Structures are given as C-alpha cells and as structure tokens.
Amino acid sequence: MTASAARQVAYDVLRAVNESDAYANLLLPTAIDRAALSTADAALATELTYGTLRRRGTYDAVIALAADRSAQDIDPPVIDALRLGVHQLLSTRVASHAAVHESVELARPAGRGAAGFVNAVLRRISRDTPGDWMTRVEESARSDDERLGLVSAHPVWVVRAFRRALAAEGRADELEALLTADNASPRVTMAALPGLAEPPGDARRTPFSPFGFRLGGGDPEGLVARSGGRIRVQDEGSQLAALALTRAEPVREGERWLDLCAGPGGKTAVLAAEALAGGALLEANEVSPARAGLVRRAIEGVPLEVPVSEADGRIRAADNPGAYDRILVDAPCTGLGALRRRPEARWRKSPSDVPALTELQTELLSAAVVALKPGGIVAYVTCSPHLAETSGVVGEIRRSFGDAIEELDARAVLTALADTDPRLPEQADGSKRAQLWPHRHNTDAMSISLLRKR
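Described below are features of the structure shown in this document. (Residues numbered from 1 in each chain as written. Predicted model: local features only at pLDDT ≥ 70, side-chain atom pairs only at ≥ 80, totals over all residues. Heavy atoms only, no water.)

## Description of helix α9 (residues 144-152)
- Among all positions of α9, only Asp145, Glu146, Leu148, Gly149, Leu150 and Ser152 are buried.
- Tucked into the core, α9 has its buried residues touching α4 (56-67), α8 (130-140), α10 (156-167), α11 (175-182) and α17 (345-348).
- Downstream of α9 by one or two residues, Ala153 has phi in the positive range, about 60 degrees. (Buried < 20%, exposed > 50% of the residue type's maximum accessible area, 1.4 Å probe, protein only. Helix = DSSP H or I, 4+ residues; strand = E, 2+ residues; numbered from the N terminus. Contact = heavy atoms within 4.5 Å.)

Have a look at this one:
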C-alpha cells in the first residue's frame, strides 16, 4: 500500500525544501497540479506542508524526546516522514492510526528499518496528548529564550532579534503575540494596480493601502488571470513599501525612477502603475536572470515601457550618479518579516548570515544615494525587522553622508495613506523609520525608511 496522494505531495515538497533549498510557495502549486489533486486533497497537502514547515523546531524537540536521539542524528528522508506524522498527531484532526500508517508508508522506501522506526516513534507520541508533549518540550529547555523558541517554533536567535526590534518601539511585551502571528496562515491580500483596475464589488478594502483588498470568496488566481496582470496577490506591506516612495511628495512629470533590486517584481508593478499615472519614467534592475524574468512578467499588465537590466545593483547605481529622482532599494535580507508566508526561512538563516547581508545592504543604499539627483528620494526597504538590517544600515549611511542627506518621516507618509491610524510608534533611535508587523497590521514585517539627497 502507498501513501495518499496529498501526503505524498506534502512529503515530496518537504524533501525538496530540506534537501535542495527549494521554496515551498513556488514548488507546492506545481506539485499539486502534477498530482491532479482534488480541491480537498490540495487543501490537505497545503496544510500538511506549511504546518510541518512552520513548526519544525517544535516537532524536532518532540521527536528527540520520543526517539531518545537528536533529530540531526536521524536520516533526512526519515525525519521528514516523522515531522509530517507529528504534525498530524499534534496539530490536526487526522485520526492517529491514519497519521501513523501514512507516515510509515512514506518512510518505507528508505528501508525496512526506517519504516519500523517511524512506526515505533509515532505510536509512542500518539499515546499522549499534545499538551503533555508541549509540557515535556518546555521542561527540556535550558533557558527562557530556548523555551519560548521551542514552543513557538522559532530559532532562539530570531526570538532575540524580534525582542530587540519590538523593544526599540517600547513594545517588548508583544513578543509572544508576534511569534503566534508568525505561525498563523496569512490571509490572501490582493492589489488592484492604481489607475488600471478596481477591486470587485464584494471585496473588503484593506485598512492602509488605498488599492489593497481581500476577496469575500472565490479563487484569487482566476481573478488575477482575468485581469491581465492588473490585479495581483500582494501583501499589503509590499504595496506600502512602494507607495511610501511614490507618495512621499507629489510626482512631477518627467521624473526618472529606478527599482534597484526589483525581483520578483510585485513592487515594480506598483511603481510602474504610479509612474504611468504621474508621467514618470521607470527603470528596473535585478541581478538574477531568473528573477529578472519574473519582473518582466509582473509588469506585463502595465502599459508602460520599463527596461529591466540584469546588473549588480551597486554597479548599476554607481554608474549613473545624480540620474534619478526616486530609487527603491528593496534590499536582499534575512526575510524574517515574511515567516508567515515562507516558514522554511526561519530554519535556513543563522546569525552568521547577518554581517554579510548588512554589508551588501549598506553598499546598495550608499550607491543609490550617489545615483540620486539633488532633492531625490530613496526608499530603503527590508522584509525584516532585524535592527542590524534596518536602523543599523540607515544609521551607517547617515553617518557616511552627513548633511548631504536628510531622513523623511516614513511613518507620516503611511499614516496619510491609511483610512485608519496605522499605529506606527517612534523608534528608540529617534529615526523616522516605519516598521510594520504581522500581529499589529496583518502585514509582513516590512521596514521602510525614506532618505532625501539635499
């Protein structure tokens, strides 16, 4: 007997994510289509995949207790079958016997011993309640931060980075709310490109972006396809990151804009629509050819010629000093602000990744300042609240350029866009940076800073 099609799809995606650094959000839809899953089975495969990825750290702790060995000491194909089984046992309504049996079948190709081992471990786990196992996991922690990390399924270094970022706003007491929000499936948010499309009549408008909405029901992909790319799935924080640049001050006809790190193109599409409406010119750049292709597809629905170059952003900007009125630097980052949508990212990054990223971010932002015309504005954006990647980088740039640049109030720009007060408190460092949060704004944790060249 073989595992069900839905569980096989989930398992195959988990294997690809953990073995080949694949991205679940890109791979899963393709795997579902190839397996021709029904709507119900597609929903099950999605829940199993994302649920297992989100809570991997917690499940590894449970497995270690039940198997009396570290998850790192278990063969990769076997540990993925175990994680999938534990998720079903502890976090879904799947019957215990089905969760155990199906997981054993998934492990069987790894060998007879593997199947027996998975059977024994999962039967051991199934004998006690989820609450019992969580109590044991908490008792196994060596510190309060480790306990919080194990319970919330976040690496300890991420827990600490989030605490520091919240403390910079005087909101350290919101840490557990943030960690909880990271483990909840995000609502699908859409964007109707301004001036090119309108949300459907039954849509619910989002509170901050003037063209964001959520569907009352139905398939978002069908709506996207019918719109010719003028309606798209896009997190509200992503929409606001582009709008902070275009709405910081009125657009003058003939302005020249640059999206310096454009892939995969969601923000580029918003910039293109805004440039079209204001009579501005937009160029985009993306160093990765594959992601540059995504940018070109993302802007197909906008009737504006947007050249897309494939250069190192630092060189691209430095080669054009004083050329642009507005530049978006959506810099490569740890991605800690998008853990709701890319749960595997929390297990891929480590503190050792941060210094190289902040060096790159600083170089990109510095080059962008050089490429600005006098009076030009750069928006520095990261999908991470990590202070080293946000206020640390902006602080370094302000020290480097001194009086040649000034910081604009990004919080005020976003507040002016919103139908309601977005509750963006001041930062402890006195900056005017805007920080969005999943638990407070139902967006990715985008950081947005605006700098003007004097």
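We are not done yet, so read on.
## Description of the layout of surface pockets
- What the second largest pocket holds in volume is close to 350 Å³.
- What lines the second largest pocket is a set of 16 residues, among which Gly57, Asp60, Gln72, Leu150 and Trp347 lie closest to the centre.
- Grouping the amino acids of the lining of the second largest pocket by side-chain chemistry returns seven nonpolar, five polar and four charged. (1 Å grid on protein atoms, 1.4 Å probe; cavity = no way out; pocket = protein on both sides within 12 Å on 5 of 7 lines; lining within 4 Å. Points joined across faces, edges and corners; volume = space filled by probe spheres on them. Nonpolar A, V, L, I, M, F, W, Y, C, P; charged D, E, K, R; others polar.)

## Side note on the packing of α4 against α8
- Two elements in contact, α4 and α8, have axes separated by 10 Å at closest approach and are oriented at 90 degrees. In terms of their interaxial angle, α4 and α8 are classed as roughly perpendicular. In this structure, α4 contributes Thr58, Ala61, Val62, Leu65 and Ala66 to the contact, and α8 contributes Trp133, Met134, Arg136 and Val137.
- The residue makeup of the contact of α4 with α8, split by class, is seven nonpolar, one polar and one charged. (Axes fitted to C-alpha atoms, helices over the stretch in contact; angles between N-to-C directions. Parallel < 35°, antiparallel > 145°, perpendicular 65-115°, else oblique.)

## Some points on the packing of helix α3 (residues 39-54) against helix α5 (residues 76-91)
- Running from N to C, α3 and α5 cross one another at 105 degrees; their axes reach a closest spacing of 9 Å. One finds that α3 runs roughly perpendicular with respect to α5. Residues Glu47, Leu48, Gly51 and Thr52 of α3 lie in contact with α5, whose contacting residues are Arg83, Leu84, His87 and Gln88.
- Of the residues in the contact of α3 with α5, the class split is two nonpolar, four polar and two charged.

## Considerations on unusual backbone geometry
- Between Gly263 and Pro264 the backbone carries a cis peptide bond, its omega angle lying at 5 degrees.
- Relative to the helices and strands, Pro264 resides in the loop between β5 (256-259) and α14 (266-278).
- Look at Asp21: it is not a glycine, yet its phi comes out positive at around 55 degrees.
- Counting through the fold element by element, Asp21 comes out in the loop between α1 (5-20) and α2 (24-35).
- The phi angle at Asn442 is positive, at roughly 55 degrees, despite the residue not being glycine.
- By the element assignment, Asn442 lies in the loop between α21 (438-441) and β12 (447-453).

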